[in-house]
Amino acid sequence: MKRIYLNAFDMACVGHQSPGLWKHPADQGHRYNDLGYWTGLARLLEDGGFDALFLADVLGVYDVYGGSRDAAVADAAQFPVNDPSLAVSAMAAVTERLGFGVTISLTYEQPYALARRLTTLDHLTKGRVAWNIVTSYLASAARNMGLDDQIPHDERYEIAEEYLEVCYKLWESSWEHDAVQRDPDRGVYADPAKVHDIEHKGRYFTVPGPFLCEPSPQRTPTLFQAGASPRGVRFAAAHAEAVFVSGPNPEVVRRPVRALREAAAELGRDPRSIKVFTMLTPIVAETRDEALAGLRSYEHFVSVEGALALFGGWTGVDLSQADPDEPLRHVETEANRSALTSFTSDPTRIWTPRDLAASLGIGGRGPVVAGSPGDVADELERWVDEADIDGFNIAYVTTPGTFADFARLVVPELRRRGRVPEHTEPTTLREKLGGSGPLLAADHPGSAHRR
């Protein structure tokens, strides 16, 4: 029986994937500024059988829809948003087994500094941190980071390739495995002969010196990636240990999953070693009727403009003047290309702006499943079987209520079916996701830099 991995999908903001639901009286998203919200959520997730908390992030405001940021600002559509990494150490202090996937864009930060931050988190979490590698899709972020416009989509991935090379050299080759001596008699903490300059000089980065940090439990943090464009798939096949893809149904998601596994095999990697997650928003109650009634009650809070503001930011496509009943068409933009493709290439239906707004209002780009614990578990198993995925980023309608309901009702059903273990021992996140040890696998390109 194939194990199902479970991540909670959140963001350091008021409203994540269900624009307008911050208005619901049960929603606690406004507490995103409160450290107690995050530590309480971490305890809930660990006790509830989740494997990790996956934290999304953006560095700009969603200002494509109507050529204005007003809809995103008014509806708290991923705005305001805080740095996702800073609460992780506090959450790690109140948990032992929960992993933490942190989204950090490499486009606007030097690899030397980012590698240091992630190694620090890996130390403080005892090896429970993952880096979700993104290159940023919002033009507003590029402008506020000092660029005139976005770096072209595929060039961002070329930069990412060299960026990862620098990080691998820092994480894997700068410090030998026995460089740390901690020998008070000789007065040697680390052997200078076993700490090396990486001497990197490339097209985009020059990093001559040694890494500032001693090796952490995983050395290289577990590597997530969240792109399903053809260039993104090639990058993921080379580097990712876990991949996050989104789509409205298994038919749409199955294609990039197949492409990913085939590309990984061509590169000499075990295609099954890459764990694939998709997003799903559950609305679960003791009975199906109660869950459907809950869904109908949530729909009253949806912000259509907030949903279309998110879509505009994800895709670079402004639907404010579009015919609401005209089918969506694919266009090439410098934004998140897989977001638009997941709707324009759906073989099961033709999407219009009207359909899109209704669908995105609850659950964003992923499906919504409303039903009893058995109904939701059935649907999760169907996705695993039909889309060939390994797990889910569970998104919320209201937080932390959606996560609490899922932990209380669905996780026990998945355990009964043998899909989720009753208990897991504290390990590194890489080992929790199936790795044979805390370090990169031998067939991973980063391990080639290991001394």
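To start, this report covers the structure provided alongside it. (Residues numbered from 1 in each chain as written. Predicted model: local features only at pLDDT ≥ 70, side-chain atom pairs only at ≥ 80, totals over all residues. Heavy atoms only, no water.)

### Description of the pairing of strand β3 (residues 99–105)
For β3, a buried count of 7 out of 7 residues is recorded, marking the element as mostly surrounded by other parts of the structure. Because side chains alternate across β3, one face comprises the buried residues G99, G101, T103 and S105, and the other comprises F100, V102 and I104, equally buried. Both strand β2 (residues 52–56) and β3 contribute to a ladder of 4 bridges, which runs parallel. Paired with F54 across the strands is G101, a residue of β3. Looking at chain direction, β3 and strand β4 (residues 129–134) are connected through 6 bridges and run parallel. What sits directly across from T103, in β4, is N132. For the crossover from β3 across helix α4 (residues 111–124) to β4, the handedness is right-handed. (Buried < 20%, exposed > 50% of the residue type's maximum accessible area, 1.4 Å probe, protein only. Helix = DSSP H or I, 4+ residues; strand = E, 2+ residues; numbered from the N terminus. Pairing = 2+ DSSP bridges. Right-handed = clockwise from strand over helix to strand, strands pointing away.)

### A few points about helix α1 (residues 35–47)
Given a rise of 1.5 Å per residue, 13 residues ought to cover 18 Å, and the 19 Å separating the end C-alpha atoms of α1 matches this to within 8%. The inward-facing, buried residues of α1 abut β1 (5–11), β2, α3 (88–93) and α14 (401–416). Looking one or two residues past α1, G49 carries a phi angle of roughly 95 degrees, positive in sign. (Expected span 1.5 Å × (residues − 1). Contact = heavy atoms within 4.5 Å.)

### Considerations on the pattern of salt bridges
The final tally for this structure, using the stated rule, is 28 salt bridges. Of the charged contacts, one joins R408 and E286 as a salt bridge, the two residues approaching to 3.5 Å between their closest N and O atoms. On the criterion of sequence distance, the pair formed by R408 in helix α14 and E286 in the loop between β11 (275–284) and α9 (288–299) is long-range, its members being 122 residues apart. When the shortest N-O distance is used, the salt bridge between R419 and D385 registers 3.9 Å. In this pair, R419 is assigned in the loop between α14 and α15 (429–432) and D385 in helix α13 (residues 373–387), connecting sequence segments 34 residues apart. Take R419: its relative accessible area is 5%, and that puts it in the buried class. A relative accessible area of 57% places D385 in the exposed class. Among the charged side chains, a salt-bridge network with shared partners connects D378, E381, D385, E413, R416, R417 and R419. (Salt bridge = Lys/Arg side-chain N within 4 Å of Asp/Glu carboxyl O.)

### A word on the side chain of T399
By the secondary structure assignment, T399 is in the loop between β13 (391–394) and α14. Apart from the residues within four sequence positions on either side, T399 is in contact with D10, A26, D27, Q28, G29 and Y37.

### A look at the environment of G418
Note that G418 resides in the loop between α14 and α15. Note on G418: relative accessible area 41%, which makes it partly exposed. C-alpha separation for the pair G418 and R451, spaced 33 residues apart in sequence, amounts to 40 Å.

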